[in-house]
Amino acid sequence: MKRIIAAILLIIAIVSLTVVFFAFTQVTNEELRLRNDIQYRSTLLAESLRETVEPNFINKSEKYLQGVVEKYANKERFAGLAIVDNQNNIVAVSSTLPNEISEAQKIAGDVMDSDKANGDFVNFKDKKMYVFAVPLHDDKSVVGSLLIVQNAGYINTRLTDIWKTNLIRLFTQAFFLSVATLLILRWIIYEPIKSLVDSIKSAQLNTDNKKSVPNIPLFNPLIKELSNIQRNLTEARSVASEEARLRLEKVDSPWTAERLKEFIKDTLKGRTIIVVSNREPYIHTKEGNKISYYFPASGMVTAIEPIIQACGGIWIAHGSGDADKLVVDKDNKIKVPPNEPKYTLKRIWLDEIEEKGYYYGFSNEGLWPLCHLAHTRPTFRKEDWEEYKRVNGKFASAVLSEIKKYNKPIILLQDYHFALLPRMIKKGRPDAVIGLFWHIPWPNSESFSICPFRKDLLDGLLGADLLGFHTQLHCNNFIDTIGRELESLIDWEQFTVTKNDHTTRIKPFPISIAFYNGFHYQSHDQSSQINISNIRKQLNIKSEYIGLGVDRLDYTKGIIERFKAIEYFLEKYPSYKNRFTFIQIAPPSRSKIKRYKDFENEVVMEFERINQKFKSKGWEPIIFLKKRYNHEELNHFYRLANICLVTSLHDGMNLVAKEFIAARDDERGVLILSQFAGSSRELKDAFIVNPYNTEHMSEAIKSGLEMTPSEQIRKIRKMREIVKNYNIYRWSAELLKTMANLE
Ligand code: ADQ
């Protein structure tokens, strides 16, 4: 838009300069013409009068002279006449001239001195006049002067008119040229380019109604190239799809987005997939007039987005960005990823009371600490519970209206924010196949029993056909809890719970990341443009060894325990001072909750205390970056670190551990992993630590830093195989296959 405005301004400037130039020339010529004209007329009159005036002047016939000057007064453009003697005294003057005509007398004086007729423009009481004087002679000597005075004001009026006409012409031209420019840009440039972009997008989207590249002669070379690209894309896609189809039959080949797509076509036969979560994958924000979007720091979003990108569908989520409403259509929908749309995001709006009660209150002050054994006491308030029920109802209505036109839709609900949703949807649409994945741990039945609303929550969850957890232990805890709290039939062999003739299958699906051949991060984030390929230089790190922690700033992630282990390590092994730097990346999370704000302060105090204790010139042991980075940027950090510390006090899975492993295609680096993170069940070649055991963690740091390259390669290679073989595509294939088999 800025460029278009600049182009229009440039056109207006050029037109203005042209018009001003020609107007100026016209005015100059006209002024010259009018001046010559007035001078010519004055000369003619003066010469014709001189012959009659001269004899009467010599005879001193003043009465006659007065008669002459009155006769020519105020005729057309003549203002009047005057006659002066050679002493410059007025002999006769038209009564129409002002009393004071000294300016005219000055001209008469000059004319008599030079004995040569002359004229000039003067002002009589703000009126512009032209005075022309001729000398009067007695024989050969100059005895006086005859003055002709003409009104010259019309010259200025005429010149002003010319300027006015030209300015009006300028404004009219500028207006029509601007409109014409906009129309030309729209018809000749914007519309054709838009249709070119649409055709390329449709080729990328791989939809059935593909738009062919339009035929626009102006863009022929470009169109030719785009047609080639579109054709190659289609060919590449069909080859990939064929390969994926063949791979379906080969059990040991890696899972990819293409393979998942084929698998879904094969297994679900084109049925629509609806994802529901609290957090949305793209958050639009506004700064001044600029709207941008970012990808949130959330394990759930990291895991689910590649799946829906691969298979398309609708994702329903809370629209939490301050510019979210500005970019959706009338159904509150937007196609995403914004720069390469592959599926539809439908945003649900929550007011402040709903968000406070349902999200901050019941979900994150109640259920989150209830499910994480991290010694933060859960808080359950009746009013939060009411909001939780209300918001679950709101999402249920949105889902029900969205699936109206689909038969047997597949609905994937995400996380602890929607425990009541399965039952609500099932009531409205018994044919919908509903799966809910619980991304956080499920505690033992005794811990869960403190929740005052547990029976309703459990009943809501049993509306699902499939409930997924990260580990078998969480599944067992859930079934135990059901056995303790609800009347139902439990089958411990099949891991099913039947209540009121409806059966729910409970199964572990250890979640993963989109990794199959190198760390497959997607650069979906617009928010950060910094180049961090040279982190050492930017952060001024001179140490030989680098440690890394990447977490949401959450009390379950064991950040303070990690800092304490670093302190212990530097005390016990002082030779690492100045040689080891730990980078902690932790963007604030849920900051409206007091426990999170307090935790943020505790982390900052601890980091400052430790730095104060050990720092020396040019070195501090911990660098704390309270920022969100996109996955591409995080990848640079992962690849830089010698050791990565994941020290959660309790964690469903923890994707950072898997991202670190996936990023290390150099087969270097050591992972130190909490035994209380779900990922420790799979990544057994990490240093498995108890985050409450400071001494043990500090020993792991030392061993990690001193591990031989060959040992690093051996361990990380094994872990990379595990993450590659059980990536997010396989995770979703297994989840969807289980759902399809339930019918
Ligand atoms: P989270 O508690 O959000 O997820 P985690 O699994 O570690 O935790 O995922 C965090 C995600 O956020 C990662 O993808 C990471 O890259 C990203 N992230 C962290 N710090 C970031 C930063 N500074 N900038 C940008 N991105 C950042 C919940 C559960 C987990 C479970 C996941 C998935 O708590 O146990 O593994 O869901 O099910």
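For the structure, see preceding data.
Each chain carries its own residue numbering, running from 1 in the written order of its sequence. In keeping with the predicted nature of the model, local features appear solely for residues at pLDDT of at least 70, side-chain atom pairs appear and are counted solely at 80 or more, and the whole-chain, interface and lining totals rest on all residues. Side-chain metrics in this entry use all non-hydrogen atoms of the structure; hydrogen atoms and water are not considered.

1. Re the packing of helix α19 (residues 655-663) against helix α21 (residues 709-725)
Only C-alpha atoms enter the line fits that serve as axes; for helices the fit covers just the stretch in contact. Angles between N-to-C directions range over 0 to 180 degrees. Helix numbers and strand numbers start at the N terminus; a helix is a DSSP run of H or I with at least 4 residues, a strand a run of E with at least 2. Two numbers describe how α19 lies on α21: the axes approach to 9 Å, and their chain directions differ by 115°. In terms of axis orientation, α19 runs roughly perpendicular to α21. The element α19 and its partner α21 pack so that their crossing is left-handed. Here Lys658, Ile661, Ala662 and Ala663 of α19 come into contact with α21, specifically with Ile716, Met719, Arg720 and Val723. Each residue is assigned to one class: nonpolar for Ala, Val, Leu, Ile, Met, Phe, Trp, Tyr, Cys and Pro, charged for Asp, Glu, Lys and Arg, and polar for all the others, Gly among them. A class-by-class count of the residues in the contact of α19 with α21 yields six nonpolar, no polar and two charged. Our angle categories are set so that under 35 degrees counts as roughly parallel, over 145 as roughly antiparallel, 65 to 115 as roughly perpendicular, and the remainder as oblique. A clockwise turn of the near helix away from the far one marks a right-handed crossing, whereas an anticlockwise turn of less than a right angle marks a left-handed crossing. Contacts are residue-level and defined by heavy atoms, with any inter-residue pair within 4.5 Å sufficient.

2. Quick look at the packing of aromatic side chains
Two aromatic rings, drawn from Phe, Tyr or Trp (for Trp, its six-membered ring), form a pair once their centres lie within 6.5 Å of each other, and the interplanar angle then sorts them: stacked below 30 degrees, edge-to-face above 60, tilted otherwise. Scanning the entire structure with this criterion turns up 35 aromatic pairs. Look at Trp368 and Tyr416: their rings are 5.8 Å apart centre to centre, the planes differ by 50°, and that puts the pair in the tilted class. Placement of Trp368 in helix α9 (residues 352-371) and of Tyr416 in the loop between β12 (410-414) and α11 (421-428) is noted, with a sequence separation of 48 residues between them. Each member of the pair, Trp368 as well as Tyr416, is classed as buried. A centroid spacing of 5.9 Å and a plane angle of 80° characterise the contact between Trp442 and Phe469, whose relative ring orientation is edge-to-face. Pair noted here: Trp442 is in the loop between β13 (433-437) and α12 (445-448) and Phe469 is in strand β14 (residues 466-469), with a separation of 27 residues, a long-range link. Partly exposed describes any residue whose relative accessible area lies between the buried limit of under 20% and the exposed limit of over 50%, with all areas from a 1.4 Å probe on protein chains only and scaled to the type maximum.

3. So, the pattern of salt bridges
The salt bridge definition used is simple: a Lys or Arg side-chain nitrogen within 4 Å of an Asp or Glu carboxyl oxygen. According to the stated counting rule, one finds 51 salt bridges in the structure shown. For Arg158, the salt bridge goes to Glu30, with nearest N and O atoms at 3.0 Å. Pair noted here: Arg158 is in helix α4 (residues 153-205) and Glu30 is in helix α1 (residues 2-58), with a separation of 128 residues, a long-range link. Assessed through its relative accessible area of 12%, Glu30 is described here as buried.

4. Comments concerning helix α17 (residues 594-614)
Each turn of an α-helix holds 3.6 residues, which means side chains three or four residues apart point in the same direction. The terminal C-alpha atoms of α17 lie 31 Å apart, and with 21 residues this matches the ideal 30 Å at 1.5 Å per residue to within 8%. Buried residues of α17: Tyr596, Phe599, Glu600, Val603, Glu606, Phe607, Ile610, Asn611 and Phe614, and no others. Taken end-on, α17 shows its buried residues confined to a sector of 130°, consistent with a single buried face. Of the exposed residues in α17, those oriented more than 90 degrees away from the buried face are Lys594, Met605 and Gln612. Lining the buried residues of α17 we find α9, α16 (559-572) and β20 (622-625). The span one expects for a helix is its residue count, reduced by one, times 1.5 Å. To obtain the arc, one takes the directions from the helix axis to the C-beta atoms.

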